[in-house]
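If you want the building blocks of each chain, they are given just below.
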Amino acid sequence: MPAAPALARHEIVHRSCPLCEAHCGIAVEVERGDAERAERVVTIRGDEADALSRGYLCPKAYGLKGLLEDPDRLRRPLRRRGAGFEEVGWEEALEEAAARLGAVREAYGPDSIATYLGNPNAHDFGSGLLMPVFLRALGTRWRFSATSVDQLPKMVSSCLLFGPPLAFPIPDLDRTDFLLVLGANPVASNGSLMTAPDMPGRLRRLRERGGRLVVVDPRRSETAALADRHLFIRPGADAFLLFALVHVLFAEGRVALGRLAEITRGVEEVRALAEPFSPEAVEPVTGIPAHEIRALARDFAAAPRAACYGRIGTCTQEFGTLASWLVDVVNVLTGNLDREGGVMFPLPAHAPGDPSRGRRGRVPYARWRSRVRGLPEFAGELPVAALAEEIEGPGDARVRALVTVAGNPVLSTPNAARLERALASLDFMVSVDLYLNETTRHADLILPTTTPLERANYDLVFHGFSVRNHAKWSPPAVAPAKELRDTWEVLVELAARVNGTRAEAVGELALRAVLEAAVGPGTTCPQLGPDEAAARLDGETLPERMLDAMLRTGPYGDRFQEGGGDGGLSLRALQAAEHGVDLGALRPRLPELLRTASGAVELAPALLVEDTARLRAALAERREARPFVLIGRRHLRSNNSWMHNVHALAKGRERCTLLMAEADAARLGLATGDSARVRSRVGELVAPVEVTADLMPGVVSLPHGFGHDAAGARLRVAAEKPGVNSNLLTDELALDVLSGNAVLNGIPVEISPAAA
Ligand SMILES: Nc1nc2c(c(=O)[nH]1)N[C@H]1C(S)=C(S)[C@@H](COP(=O)(O)OP(=O)(O)OC[C@H]3O[C@@H](n4cnc5c(=O)[nH]c(N)nc54)[C@H](O)[C@@H]3O)O[C@H]1N2
Ligand SMILES: Nc1nc2c(c(=O)[nH]1)N[C@H]1C(S)=C(S)[C@@H](COP(=O)(O)OP(=O)(O)OC[C@H]3O[C@@H](n4cnc5c(=O)[nH]c(N)nc54)[C@H](O)[C@@H]3O)O[C@H]1N2
Ligand code: SF4
Ligand SMILES: [Mo]
């Protein structure tokens, strides 16, 4: 009898999807390869047993397979040659990158090199753990990232109120009775600074248990459609509305801090600051009737447990830091901060195990400033809205070389046309990226990396923003394409070569630094020295060993005890728990977490109090409603500026449309499918109109992350439906002054019909 052909070996790899902050558990079915067959991903499903996501999945997860298989994604380094690029070997590419960065640094000093770090770094633990090593090796303070087109205002506000810049109060979504959402659309975005897979299900369950959902948004978003109440607000007016809520809470005697009273300072100052912002005073600016504002304040205060939550719409606007602060003020004044069902601070497994560690009273603000506009540094970074001018000069002290890592600033940051001109003028640019795209086409060298399914991960950032404490290990699902490295490996190689050392030596120092902070006197492992701890670490790679050290000495760690010390966590324990480990509901963390100089919650810090003058001035101005203001939006099947080259996600109807209210469209003689010309101070573009009943009159909406028709990019699928780059319209001079964050919502624009 002839032997039966060998059956392909199928395996299921359980891990998480790192594309958005929900980090859902996925089950990746892999057909292992053999002599005749290459290894391949068969399909991707939701992991029903995942401790947090319970099988939930959005369509983007399946796109991970498309990304892995995308013929356009880069598998070998590219070097600029004439008008195009040529493939080069790794050794040559790394040597050249290091040599040219070194030469610029030698000639003009370390601050002549700028770095730009994009969003995917936050979803890659190797990059997160080794990025500091790379930045230190370059020695530059001219660091930029997507932070300053995103959550920077929340970081500034959290730092001033609580101490740690990343201490974000997270809605205790599964236990709250009242969720007030401003400037977020979690049904499309799947939640941000609120890791909670299955937002639609969780919001439905909130209402099923008798809770209420109120959404404040210039657009009746997918989330607003699920809400008990939706209030249209003029873009950029959230700080006025929130101050009016505070005003009503004081005026009607509804302030009740509860347990927080003893650890909070500045309440009376806030009362005085809120005085001018009565509901009647803010009605013309917000567009929300005064009686609605009063009712909202009363309902929020009356709810047994309530959470006020603001996201990208409240950050990327003119009063971003004030709005971010006032969200927390409302929570504090109603006793909802750090209480079950209110907003709470997660405690992730990799956090330092000893709660008393960390310096007090440190506000890393304006220790240096950008050269041209004098914009303040925060937490070691400058606002990316200043990147183009810092490259252009004037003067000899300017940025001459740029390193981008997993970032696409040409589609993500304001005044894209100016930035593109500046990029073209650089002496040298190197990009660590998956694609030859709108940004990396300006690079001299592109160093490609693995895609998520080819590498391990642990959710170093978003476990810290989770609605339940949770830890999960994600093993690679497939082996990386030949010669491809993880981003951290490229960073360590570059760090070593720039300074003429070996990658192993750089790695050893990085691990040593983690161990010195994690063990020894004053830590959870006082009896252990770094060398002893190093000898006991598990993990095949450098970031795995670094993580093992953090987990084992962290709040749930095994403390390096033999046999796992009462089920304590370690890398090995996480690896054995393939569906993740549920570490329980969020628990109160105040005052233990506070790192302010006073040790209290600072409700009225000086920087914020000063900035309220700007808000009072704007209230007095009573600016007449501008003809049109532009806001953005997100779509479930799209992910910022990338994943548009994956056919499974990009297919379907045109998504990059200009939404317009019916009355506005009628007035301009525009109908769905017509073309409109949109013009701002900095640029103009033509986009297809989509008329809707869901938008506030006077407001138009265009998603960001499109404009995939750049010459020389290699994005064949995305180029079929390129859309337009909305950041050709956003203005690099429009900032939330305090933080330097870009204003991406509420851009004044003029609109006119355009020939199709
Ligand atoms: N107008 C407007 N602009 C916005 C926003 C908005 O709402 N409106 N939102 C802002 C926000 S919140 C953000 S976070 C930013 C995002 O801004 P960016 O982070 O600059 O851009 P992304 O679109 O996330 O692009 C990610 C880049 O990383 C690459 N990449 C993806 N995965 C990997 C990987 O694993 N390794 C490596 N090496 N590279 C990888 C992709 O090819 C792409 O080039 O955009 C901001 N810009
Ligand atoms: N599918 C998908 N998911 C994503 C992303 C993606 O691109 N696609 N990006 C990820 C990233 S990087 C981030 S940061 C998060 C962002 O997550 P979210 O903050 O939920 O982002 P958006 O969906 O853009 O929702 C912002 C909402 O703010 C509204 N808005 C605009 N201006 C104002 C204003 O002035 N005031 C108020 N009150 N509302 C305003 C907009 O109409 C919009 O409905 O999403 C993440 N998840
Ligand atoms: S919501 Fe979608 S993109 Fe986000 S983690 Fe889950 S599956 Fe991935
Ligand atoms: Mo973001």
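A quick note: this is a predicted structure, and the numbers were derived from the prediction, not measured.

Reading guide: rules and limits
- Along each chain, residues carry numbers from 1 onward, in the same order as the chain's sequence is written.
- Numbering of ligands from 1 and lettering of chains from A proceed in the order in which they are written.
- Where local features are concerned, this predicted model is filtered to residues with pLDDT of at least 70; where side-chain atom pairs are given and counted, the filter is 80 or more; whole-chain, interface and lining totals use all residues.
- Side-chain descriptors were evaluated using all non-hydrogen atoms of the structure, hydrogens and water having been removed beforehand.
- Only buried residues count toward a nonpolar core, which is a set of Ala, Val, Leu, Ile, Met, Phe, Trp, Tyr and Cys residues joined through side-chain atoms within 4.5 Å.
- For the exposure calls, accessible area comes from a 1.4 Å probe over protein chains only, and a residue counts as buried if that area is under 20% of its type's maximum, exposed if over 50%, partly exposed in between.
- By definition, any uninterrupted DSSP run of H or I lasting at least four residues is a helix, any uninterrupted run of E lasting at least two residues is a strand, and each is numbered from the N terminus.
- Whether two residues touch is decided by their heavy atoms; if any such pair falls within 4.5 Å, the residues are in contact.
- DSSP-based pairing: two strands are paired if at least 2 bridges between them are found.
- In this entry, domain limits derive from an automatic or database-based domain assignment.
- Two parts placed together each lose some accessible area under a 1.4 Å probe, and the buried area is that loss summed for both.
- By definition, a salt bridge exists where a carboxyl oxygen of Asp or Glu is found within 4 Å of a side-chain nitrogen of Lys or Arg.
- Any pair of nitrogen or oxygen atoms within 3.5 Å is treated as a polar contact; in protein, a donor-acceptor pairing is required on top of that, and neighbouring residues in sequence qualify only through side-chain atoms on both sides.
- Polar here means any residue outside two lists: the nonpolar Ala, Val, Leu, Ile, Met, Phe, Trp, Tyr, Cys and Pro, and the charged Asp, Glu, Lys and Arg; Gly therefore counts as polar.
- Under this scheme, a helix contributes an axis fitted over its contacting stretch, all axes are lines through C-alpha atoms, and angles between N-to-C directions fall in the 0 to 180 degree range.
- When describing relative orientation, an angle under 35 degrees is termed roughly parallel and one over 145 degrees roughly antiparallel, while 65 to 115 degrees is termed roughly perpendicular and anything else oblique.
- The handedness criterion is simple: a crossing whose near helix is rotated anticlockwise from the far helix by less than a right angle is left-handed, and one whose near helix is rotated clockwise is right-handed.
- Throughout, near means a residue has at least one heavy atom within 4 Å of the molecule or strand.
- What sets the accessible areas is the Shrake-Rupley method with a 1.4 Å probe; for residues, cover comes only from the shown protein chains.

Asker: I tried to follow the nonpolar core on my own but got confused; where do I start?
Answerer: Ranked by internal contacts, the top residues of the largest apolar core, which has 94 residues, are L180, F240 and W325. Take this core: its biggest share by element is eleven residues, from helix 7 (residues 238-251). In contact with L180, not counting residues within four places along its chain, are V214, V216, L245, L296, F300, A307, C308 and Y309. Counting residues in hydrophobic clusters, the runner-up holds 67 residues, among them A93, V492, L547 and F560.

Asker: Where do I start with the pairing of strand 10 (residues 212-216) in this structure?
Answerer: Here is the key point about a regular strand: its side chains alternate between the two faces of the sheet. Counting buried positions along strand 10 yields four of five residues, so the element is predominantly enclosed. For strand 9 (residues 178-182) and strand 10, the ladder comprises five bridges, and the chain directions are parallel. Pairing of F178 across the sheet is with R212, part of strand 10. Relative to strand 11 (residues 229-231), strand 10 runs parallel, the two sharing three bridges. Bridging from a neighbouring strand, V214 pairs with R229 of strand 11.

Asker: Looking at this structure, I do not really get the domain arrangement of the protein chain. What am I missing?
Answerer: A common way to state how big an interface is: give the accessible area lost once the parts meet. Under the domain assignment used here, the protein chain contains domain 1 (152-350 + 597-615) and domain 2 (626-753). The C-alpha centroid of domain 2 is placed 28 Å from the C-alpha centroid of domain 1. Every contact between the two is made by 28 residues of domain 1 and, on the other side, 27 residues of domain 2. For the pairing of domain 1 and domain 2, the buried interface totals around 2,100 Å² over both sides, and the portion due to carbon and sulfur atoms is 60%. Of all residues in domain 1, the largest losses of buried area upon contact with domain 2 belong to R219, R234 and T316, amounting jointly to 27% of the total for that side. Across the domain 1-domain 2 interface, the total number found is two salt bridges. Across the domain 1-domain 2 interface, the total number found is nine residue pairs in polar contact (both at pLDDT 80 or more). Looking at the side of domain 1 that touches domain 2, the elements that each hand over two or more residues are helix 4 (152-161), helix 5 (186-189), helix 11 (312-315), helix 12 (320-333) and helix 21 (606-621). Element by element, the count of residues in the side of domain 1 that touches domain 2 is highest for helix 21, at four residues. A per-class count over the side of domain 1 that touches domain 2 returns 14 nonpolar, eight polar and six charged.

Asker: Honestly, the packing of helix 3 (residues 125-138) against helix 16 (residues 487-498) in this entry has me stumped. Any pointers?
Answerer: Pairs of packed helices are described in terms of their axes, by the angle between the two and the distance that separates them. Their axes nearest at 9 Å, the elements helix 3 and helix 16 cross at an angle of 15°. As summarised for this structure, helix 3 and helix 16 are arranged roughly parallel, according to the angle between their axes. Note on packing geometry: the crossing formed by helix 3 with helix 16 is left-handed. Of the residues in helix 16, those in contact with G126, S127, L130, M131, V133, F134, A137 and L138 of helix 3 are T487, W488, L491, V492, L494, A495 and V498. Across the contact of helix 3 with helix 16, the residue classes tally to twelve nonpolar, three polar and no charged.

Asker: Would you explain the site of ligand 3 in this entry?
Answerer: All residues adjacent to ligand 3 are C17, L19, C20, A22, H23, C24, C58, K60, A61 and N190. Each residue belonging to the shell around ligand 3 can be placed in one class, and the counts come to seven nonpolar, two polar and one charged.

Asker: How should the site of ligand 2 be read in this particular structure?
Answerer: The full set close to ligand 2 counts 32 residues, and D217, G236, D238, S638 and N640 are the nearest of them. Contacts to ligand 2 include D238, whose side-chain N or O atom sits 2.6 Å from a nitrogen atom. Between ligand 2 and the protein, one listed contact pairs an oxygen atom with a backbone N or O atom of I312 at 3.1 Å. Burial of ligand 2 by the protein amounts to 97% of the accessible area it has alone, namely 920 Å². Listed by contribution, the elements that provide at least two residues to the shell around ligand 2 are helix 5 and helix 11. Ranked by residue count, the leading element in the shell around ligand 2 is helix 5, at three residues.

Asker: Which parts of the structure should I look at to understand unusual backbone geometry?
Answerer: For residues besides glycine, phi is generally negative; the peptide bonds are generally trans as well. In this model, G393 is joined to P394 through a cis peptide bond whose omega is 10°. Counting through the fold element by element, P394 comes out in the loop between helix 13 (387-392) and strand 17 (401-405). Backbone torsion omega between L590 and P591 reads 5°, so that peptide bond is classified as cis. Here P591 is to be found in the loop between strand 23 (581-585) and strand 24 (601-602). Non-glycine residue E483 carries a positive phi angle of around 70°. With respect to the secondary-structure elements, E483 resides in the loop between strand 22 (473-474) and helix 16. One non-glycine residue, M643, lies in positive phi territory at about 70°. Positionally, M643 belongs in the loop between strand 25 (628-631) and helix 22 (647-650).

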